Structures are given as structure tokens and as C-alpha cells.
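These are the residues of each chain, in order.
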Amino acid sequence: MKIAVLVKQVPDTDEERRLDPASGLLDRLAGENVADEINERALEVALSHKDSHKGTEVVVISLGPESVTKALRKVLSMGADSAVHVLDEALAGADAGRTAVVLAAAVKQAGVDLVVAGNESTDGRGGVVPAMVAEQLGLPHLSFLDAVEISAGSVTGERGTDSGSMVVSAPLPAVISVTERSAEARFPNFRGIMMAKRKPLSVVSLADLGMDPDFAGMGRSVVVTTSARPLRTAGKKIVDEGNAGTRLAEFLVAEQLV
Amino acid sequence: MNKILALIEMSGGEMCSTTPGLLAAAARLGTPVAVVAVAPGGGTGLVAELGSLGAEHVYLAESDQVGKLLVGPQLEALSAAMTALQPVAVVVANSAEGRDVAARLAARTRAGLIVDAVDVRSEGERIVATHSVFGGAYAVESTVEGAPAIVTVRQGAIEERANAATPAVTTVTVSADPAHSAVIESVSARDAGSDRPELRGAARVVSGGRGLGSRESFVLVEQLADALGAAVGASRAAVDAGYVAQTSQVGQTGITVSPQLYVALGISGAIQHRAGMQTAKTIVAINTDADAPIFDVADFGVVGDVFTVVPQLIEAIKARASR
Ligand SMILES: Cc1cc2nc3c(=O)[nH]c(=O)nc-3n(C[C@H](O)[C@H](O)[C@H](O)COP(=O)(O)OP(=O)(O)OC[C@H]3O[C@@H](n4cnc5c(N)ncnc54)[C@H](O)[C@@H]3O)c2cc1C
Ligand SMILES: Nc1ncnc2c1ncn2[C@@H]1O[C@H](COP(=O)(O)O)[C@@H](O)[C@H]1O
């Protein structure tokens, strides 16, 4: 079985993240860029299948700027077999729609049985790219899965809903997206890190994928304005001397909150 | 006038709580058309209620695949309504199902997609959406080039209600290609649970973190929530430790709340937690560690033990209530 994992590089959520006020786009230079944690969990789904099914091949696919290489080397060191980096100037600031058509083309070129993505990225929080990829490829999509089971010809998973949970399934090929309830990712070991340096990482352009860089006839979303909100400041802080509960209640009363 | 489609989601035979806000958003942008996928014959009971919430037209798409295929029937319903009614925009809840449907519809029609709007308005010919980014640190406005616009609206973000209307009704039959849809094998309902307010959109929230120490002690969070009439939230660490269900998680990868009052008990205030609550009007924190980052955003911070401070607080609130 061949599995593609869609990996997005995002700013580390442990740090202050910034938007460029002029373009409204992510300031990618502001902090450390990493493979999104949710995509490491997506990779774990593929790798744990590979652990128990020899002959499974895992390819990671990412669309993004030059710096994506670092995230790709990391996931290669965790155990993916190869990587595809879609890099093209025409993709700077690509919205979800453009991102998805291009990822779909890259998935098609890779020729896989299963596509695993994260449910939503931590920077955009869009949660739409996997469904768009599925639509482009004409495949079923099992979204927001908390747990996944892959068999030879099908995939099954459990997803939370507003009122409970449901079990969903689809024959392969299919696209799935997983939530942070799915298993935490393994750490790369020394051997993995050494091997990652020699694993194939191919960089492809829109031309290599046979795609029109103008995306003629496609609508797109664009940012009109961006403004930073004032930062919150710390208010009153008291140390409990036996009456903090009462004093807190007085504060809530004064603020008309009780 | 310009037609605006609103996808009405159903859950367990009932319209989802996102319905009134979505129809209000649609009414702001043009003439609201409620689109709903139902089992054959299952829609007639919905028409009056949709009208009372502002729908001027109800588009009932009947399919025997409803409840059997994931997303497919809802997607075909909207797709058929789009072809028939040529709307200028489509609004959908930013829920799991809503996003799946909106995403597939945008990919299929090559329309522009706006995700997670907290507000929408029309500006001449175009539709402008507001987003709250990185936990409210930025307000971003976006629009769509090339019509129509497909917009997912954050649940609970739009509180206004549209004026009631007497809707026209169209009934059609739709069918999804089973080869493109996942199959729903089974559905299990969560325990009816409590009559506490829903976390999303709650006016008051009391959240507990790892500092609560155990599932048993997490009851303290619920007790304070009940004393305040608040919803219960949690940090990811508390969810991971199994103190409380994941549906209570507040933060970067959980629910974003913007209540009048947010109380953080035994929560350090990691940046990913703050991303989900820092737009609250008033923030109160109780933590034994005077250096916990939650105090940087708290209007009233107590350096103390939740197990002594909270019971005293509950007593004080109760004493006041019974006065
Ligand atoms: C990609 C990513 C996404 C994430 N998303 C989220 C998210 O959505 N939501 C979220 O919450 N986190 C999220 N996190 C995790 C986040 O980084 C923190 O690990 C988490 O918020 C910590 O939870 P906590 O404050 O309960 O635990 P801790 O950081 O362990 O803090 C516990 C606090 O309790 C205090 N305490 C202990 N005992 C007592 C007592 N008796 N009385 C009072 N105080 C006490 C301690 O002083 C401490 O400050 C995410 C992380 C990543 C990497
Ligand atoms: N630029 C990208 N490159 C690779 N995968 C992506 C990209 N953007 C989104 N994805 C995938 O789609 C998931 C959801 O992303 P989003 O819809 O942006 O929230 C991510 O977790 C990734 O698996």
C-alpha cells in the first residue's frame, strides 16, 4: 500500500505568531517554522500501519516556501520513505482552493491508495484543504477522525459530532483527516536522522505538475485589511491569606458578574 | 434581491443550534434561502420554524441517503440549490460537517471560500468577512474575488436574529454518488449530560487544568460553574489526563470562547490555551504559581490553592444569592 501524508509547515505555536500588516499574510520569518503537530500525528497513522504491514510506502507531500525542506527532513527522519515539495513563486499567498488543487495534482502524480491529512492547521485553522483535495480527486473523505483503522481495501474511523460520535468507513482509495485525539507521533531516532539525509526529496514546480500558474476561472479569497488588537494587560493580583475566595467574590459583585 | 443560501444542519432529527445565526447572517447579505437535506417527506415540519428564523425560501432536498452517507446529501442539496437559484453567496456553519460541505462545494464550483468568519457584511457588490486570528490577536477582513462567495461562519459568533418571514417552499430530490462519499456505519449519542450551558457561545465559562490533579477533584470546577451558571471548559492537559471530555477543551486546537467572564482554575496559561480565551471580557485566574503566565492576562488573579480558594468563593456566592 502507498500512503501520502499531507504536511504543512507552520509557525511554532509556542512562540508569538505575527501577521504582516501590509499583506495580511503570515510573517514566516518571525519565529521558528515547524511541521504542524497535527501532521506528525497524521504521519503516525501511516507509520504505525507500515510497522505492521511490510511493503507499505509512505510519501509526504508539502506545498510551501523554501523553508519547508526542514519540516520535510524531520518527517523523513521519523520514518517516511520519500518527500515531495511543491515549490513555485506563483503559489506565494495561495488560498485554500489553490493549495488544494495543487496538492491534489501532486497526490495524483504520486499515485497512492490513501491520503492522510490533519483536520485543521494551527496557523490558518481552516480545516478545509483535505475535503477540497478529496473533491478534486473524486474520492471519499473521512474527516475529523479521532481513531483510524486501515485494512487492505478500506479505511474506518471514529469521529466526534456535536451530539456524540459516529463510525464512518470508505473503500480505498480515500482521503482521511485526523484530530489531535489520534495517537501522538514517535520521535526520530539517531538512525532515522542519519537515514533521512539520503532519502529522496523531490522539488516540483507547477509546470512539473502540468498546472496553469494563473488558475484561470478560479475564485479566490483575499485579505482586505489586517489590524492588531491591543494586547491584554495584567490586572490585580492578590496572594491568598485565607480570605482570597471572599475577596474574589467581592470583585465579581463589583463587576456585576454575580 | 440577491439570494443567499444557508445550509441548515440537522442532528438527531433536530435543526442544529447554528441555524438562527446563519439565517441572520444570510439576511444581512440578501434574501435568505434555507437549504436542508432531509429524508423523503421529512422536511415539512421544518418550514414554519425556518420561516420564524427569517428564511424567505426553504429549499428541501430530499434524499434517502440522509444519515447514511457522510456529507454527500448536504453537498448535493447545496449544489442543486446553487444551480437552480444562482446565489451571490452561500453561508455554512464552521462545524465539521459544514466545513466539509463548503470545501467540497467550493472545489466543485471553483468558487472562492472564506473560512471561520466571525462577522459578515456586504460592501457594494462584494461580501466582506471579519476573522479573529491567533486567538484574537488580529482582526482580519477578507473578501472573495470571482462570485459566488462560500463562507463558513464561526458557531455562536452572530447573535442577532432575522425578522420572521413566510417562506416559499421548493422540494427536490437529490442523490450523491456513493463512490465519492464515506458511509456512516453507526451513530452514538452522548449521554444527555447536564443542563449546564453549552461551552460554545457561553456567557460565563469556568475552566480547569492539570492543577485539579484528578478526575474526582475536577468536580470542583463543575461546582463553581454551577454556582455561577457557567459552562465547563478545560485545558488540553486536563483533557489528556482524562479529567474531562475533549469537547470541553478551550484553546488553539479546542473551542474558542469569548465570554463575559472566564475563570481559569489550575491552568498555567500556555500560549495555546490563551489563544482560545483571551478575548473574554473579564478573566479571573487561581493558581499556586505566582509566575504562571495566565496572570499576564487576568483582570483578577489569586495566587493560591484552588482547593481552599474555590470552596470559599462558592460559599460567598451562595451566601449572596440567598440574601
Ligand atoms: C499544537 C498544540 C496545540 C495545543 N492546543 C491546546 C489547546 O487547545 N488548549 C490548551 O489548553 N492547551 C493546548 N496545548 C497545550 C499547551 O501547550 C499546554 O500544555 C496546556 O495548556 C497546559 O495545560 P494546564 O495549564 O492545565 O497544565 P500545566 O501547564 O501543567 O499547568 C497546571 C497549573 O496548575 C497549577 N496548579 C497546580 N496545583 C494547583 C492547585 N492546587 N491550585 C491552583 N493551581 C494549581 C500549576 O501551578 C500550573 O500552573 C497545545 C499544545 C500544542 C503544541
Ligand atoms: N500547504 C500545505 N501543504 C501540505 N499539506 C497541507 C497544506 N495546507 C493544508 N494541508 C493539509 O491539510 C490539513 C488541514 O489544513 P487547513 O485546511 O489549512 O486547516 C493540514 O493539516 C495538512 O494535512
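For the structure, check the block above.
About the thresholds
Residues numbered from 1 in each chain as written. Chains lettered and ligands numbered in written order. Predicted model: local features only at pLDDT ≥ 70, side-chain atom pairs only at ≥ 80, totals over all residues. Heavy atoms only, no water. Near = heavy atom within 4 Å. Polar contact = N/O pair within 3.5 Å; in protein donor to acceptor, adjacent residues only side chain to side chain. Helix = DSSP H or I, 4+ residues; strand = E, 2+ residues; numbered from the N terminus. Nonpolar A, V, L, I, M, F, W, Y, C, P; charged D, E, K, R; others polar. Buried < 20%, exposed > 50% of the residue type's maximum accessible area, 1.4 Å probe, protein only. Areas by Shrake-Rupley, 256 points an atom, 1.4 Å probe, with all protein chains shown as cover. Contact = heavy atoms within 4.5 Å. Buried area = accessible area lost by both parts, 1.4 Å probe. Salt bridge = Lys/Arg side-chain N within 4 Å of Asp/Glu carboxyl O. Pairing = 2+ DSSP bridges. Axes fitted to C-alpha atoms, helices over the stretch in contact; angles between N-to-C directions. Parallel < 35°, antiparallel > 145°, perpendicular 65-115°, else oblique. Left-handed = near helix turned anticlockwise from the far one by under 90°. Phe/Tyr/Trp six-rings, centres within 6.5 Å; stacked < 30°, edge-to-face > 60°.

## A word on the site of ligand 1
In the region of ligand 1, 27 residues are neighbours, and R210, S235, S268, Q272 and N287 of chain B sit closest. Around ligand 1 the close residues trace back to chains A and B. Within the backbone of T288 of chain B, a nitrogen or oxygen atom sits 3.2 Å from a nitrogen atom of ligand 1. Looking at the shell around ligand 1, the elements that each hand over two or more residues are α6 (236-240), α7 (271-274) and α8 (306-321) of chain B. Tallied by class, residues from the shell around ligand 1 come to six nonpolar, 16 polar and five charged.

## Describing the side chain of S177 of chain A
All names here are of chain A. Here S177 is to be found in strand β10 (residues 174-178). Judged by its relative accessible area of 1%, S177 is buried. A polar contact of 3.1 Å, which involves the side chain of S177, links it to the backbone nitrogen of F144.

## With respect to the site of ligand 2
Residues and elements named next belong to chain A. Near ligand 2 you find 20 residues, and of these L6, N39, L63, S121 and G127 are the closest. At a separation of 2.8 Å, an oxygen atom of ligand 2 approaches a polar backbone atom of S121. Within the contact set of ligand 2, an oxygen atom lies 2.9 Å away from a backbone nitrogen or oxygen of V129. Burial of ligand 2 by the protein amounts to 96% of the accessible area it has alone, namely 480 Å². Mapped onto the shell around ligand 2, the elements with two or more residues apiece are α1 (37-52), β4 (57-63), α3 (96-110), β6 (114-118) and α4 (129-137). Ranked by the residues each element gives to the shell around ligand 2, the list is headed by β4, at three residues. Classifying every residue of the shell around ligand 2 gives ten nonpolar, eight polar and two charged.

## Focus on the interface of chain A and chain B
Contact residues are listed per partner, giving 80 residues for chain A and 87 residues for chain B. For the pair chain A and chain B, the summed buried area comes to about 7,200 Å², and 52% of that belongs to carbon and sulfur atoms. There are eight salt bridges connecting chain A and chain B. A salt bridge links E37 of chain A to R236 of chain B, with the shortest nitrogen-to-oxygen separation between them at 3.1 Å. Counting across the chain A and chain B interface gives 51 residue pairs in polar contact (both at pLDDT 80 or more). Where the side of chain A that touches chain B is concerned, the elements lending two or more residues are α1, α4, β7 (141-150), β8 (154-161), β9 (164-171), β12 (220-228), β13 (236-239) and α6 (244-254) of chain A. Here the side of chain A that touches chain B is built from residues that sort into 32 nonpolar, 25 polar and 23 charged. Examined bridge by bridge, β12 of chain A and strand β10 (residues 138-145) of chain B share eight bridges and lie antiparallel to one another. Following the sheet pairing, T226 of chain A is matched in β10 of chain B by V140 of chain B.

## A look at the pairing of strand β4 (residues 31-38) of chain B
Residues in a regular strand point their side chains to alternate faces of the sheet. Residues and elements named next belong to chain B. Among the eight residues of β4, eight are classified as buried, and the element is accordingly described as predominantly covered. Residues T31, V33, V35 and A37 point to one face of β4 and P32, A34, V36 and V38 to the other, with burial holding for every one of them. Bridging between strand β1 (residues 3-7) and β4 involves five bridges; their strand directions are parallel. Bridge pairing in β4 links L7 to V35.

## Concerning the pattern of salt bridges
A full pass over the atoms with the stated rule returns 26 salt bridges over all chains. Two residues, R41 of chain A and E37 of chain A, come together in a salt bridge whose shortest N-O distance is 3.8 Å. Here E37 of chain A and R41 of chain A lie together in helix α1, a separation of four residues that amounts to about one turn. The partly exposed category is assigned to E37 of chain A, whose relative accessible area is 33%. Measuring nitrogen to oxygen at the nearest pair gives 3.0 Å for the salt bridge that ties E76 of chain B to R108 of chain B. In this pair, E76 of chain B is assigned in helix α3 (residues 72-85) and R108 of chain B in helix α4 (residues 96-109), connecting sequence segments 32 residues apart. Among the ionic contacts, a cluster of salt bridges with common partners joins E37, R41, E180 and R181 of chain A together with R236 and D240 of chain B.

## Regarding the packing of α3 of chain A against α4 of chain A
All names here are of chain A. Running from amino to carboxyl end, α3 crosses α4 at an angle of 55 degrees, the nearest separation of the two axes being 8 Å. With respect to their mutual orientation, α3 and α4 come out oblique. Of the two elements, α3 crosses α4, and the hand of that crossing is right-handed. On the side of α3, the interface is formed by A96, G97, T99, A100, V101, L103, A104, V107 and K108, while α4 contributes V129, M132, V133, Q136 and L137.

## Considering the packing of aromatic side chains
Residue and element names in this part refer to chain B. Scanning the entire structure with this criterion turns up three aromatic pairs over all chains. Ring geometry for F134 versus Y138: centroids 6.4 Å apart, planes at 75 degrees, classification edge-to-face. Note on accessibility: F134 and Y138 belong to one class, buried. Here F218 and Y243 contribute two aromatic rings whose centre-to-centre distance is 6.3 Å and whose plane-to-plane angle is 50 degrees, an arrangement assigned as tilted.

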